[in-house]
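Coordinates in review
What follows is each chain in one-letter form.
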Amino acid sequence: CNPPGIVGFMEVIGLNIVDPTQFQKKSKYFDPKSSHEKPRWDCVKVKYLFKADKLLSLPELKILFNEEELLVVKKGNRLSIIPVEMKVARMILKKI
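A few points on the structure. Throughout, residues of each chain are indexed from 1 in the direction in which the sequence is written. Per-residue local features of the predicted model are confined to residues with pLDDT of at least 70, and side-chain atom pairs are confined, for both listing and counting, to 80 or more; whole-chain, interface and lining totals are unaffected and use all residues. Excluded from the side-chain calculations are hydrogens and water; all other atoms, namely the structure's heavy atoms, are used.

What follows covers the overall build of the chain. By the criteria applied, helices consist of DSSP H or I runs no shorter than four residues and strands consist of E runs no shorter than two, each listed in order from the N terminus. When its secondary structure is counted, the chain shows two helices and two strands. If you list the helices and strands of the chain from N to C, you get β-β-α-α. Taking 2.2 N^0.38 as the reference for a compact globule, 96 residues should give roughly 12 Å; the C-alpha atoms of the chain span a radius of gyration of 16 Å, well beyond that estimate. Over its C-alpha atoms, taken along the principal directions, the chain stretches across nearly 45 × 25 × 25 Å. The cut-offs for exposure are 20% and 50% of the maximum accessible area for each residue type, with area from a 1.4 Å probe on protein chains only; residues under the lower value are buried, those over the upper are exposed, and the others partly exposed. Buried residues in the chain amount to 23% of all 96 residues. By sequence separation, contacts in the chain at least 24 residues apart represent 59% of the contacts at least 6 residues apart. Computed with the Shrake-Rupley method and a 1.4 Å probe, the accessible areas treat only the protein chains shown as cover for residues. For the chain, the accessible area works out to roughly 7800 Å², and carbon and sulfur atoms hold 56% of it. Charge counting follows a simple rule: Lys and Arg are positive, Asp and Glu are negative, and His as well as the terminal groups are ignored. The atom standing in for a charge is NZ when the residue is Lys, CZ when it is Arg, CG when it is Asp and CD when it is Glu. Averaging the positions of the 18 positive and the 11 negative side-chain charges in the chain gives two centres separated by 4 Å. The size measure is the radius of gyration over C-alpha atoms, and the globule rule it meets is 2.2 Å times the number of residues to the 0.38 power. In what follows, a contact means two residues having at least one pair of non-hydrogen atoms within 4.5 Å.

Buriedness for pockets is judged along seven lines, at least five of which must meet protein on both sides within 12 Å for an open set on the 1 Å grid over protein atoms alone, while cavities are sets there where a 1.4 Å probe fits but cannot get out, and lining residues have an atom within 4 Å of a point. Grid points are joined across faces, edges and corners, and a volume is the space filled by probe spheres set on the points. Approximately 640 Å³ is the volume attributed to the largest pocket. Lining the largest pocket we find 25 residues, and of these Gly8, Phe9, Met10, Ser80 and Ile81 sit closest to its centre. Counting only elements with at least two residues in the lining of the largest pocket, the list comes to strand E1 (5–18), strand E2 (42–57) and helix H2 (86–95). With eight residues, E1 is the largest single contributor of residues to the lining of the largest pocket. Classifying every residue of the lining of the largest pocket by side-chain character gives 20 nonpolar, three polar and two charged. Taken as a whole, the second largest pocket encloses approximately 290 Å³ of empty space. Along its surface, the second largest pocket is lined by Asn16, Asp42, Cys43, Val44, Arg78, Ser80 and Ile81. If you tally residues by element for the lining of the second largest pocket, the top one is E2, at three residues. Three categories are distinguished: nonpolar for Ala, Val, Leu, Ile, Met, Phe, Trp, Tyr, Cys and Pro, charged for Asp, Glu, Lys and Arg, and polar for the others, with Gly belonging to the last.

Here we come to unusual backbone geometry. Of note in this structure, Asn16 is not a glycine but carries a positive phi near 55 degrees. By the secondary structure assignment, Asn16 is in strand E1. Classification of Asn16 by relative accessible area gives exposed; the value is 62%.

Glancing now at the environment of Val12. Inspection of the secondary structure assignment puts Val12 in strand E1. For Val12, a relative accessible area of 37% corresponds to the partly exposed category. Residues Val12 and Ile82, spaced 70 residues apart in sequence, show a C-alpha to C-alpha distance of 9.5 Å. When residues no more than four places from it in sequence are discounted, the contact partners of Val12 are Val44, Lys45, Val46 and Ile81.

In structure tokens, the structure reads:
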């Protein structure tokens, strides 16, 4: 997304799910080096909680949090699904 940021909240309800698209030759996520015996990609199952009223941008997150508090502000990390401590989540909820 452009600009990157938090636009809502999801809850992770399932972990370590083998991503089936890595085996599908017509998928853009197909990985010829992956096999059913040794899959290379996994995913999580999420539950929608809510959409935010406003975007909380990555630059704003970098002002509010350090790398230890919120992993996504660490250089090289992607803004996607990351674990968030309850204290940090409460602060984010107040901003969005």
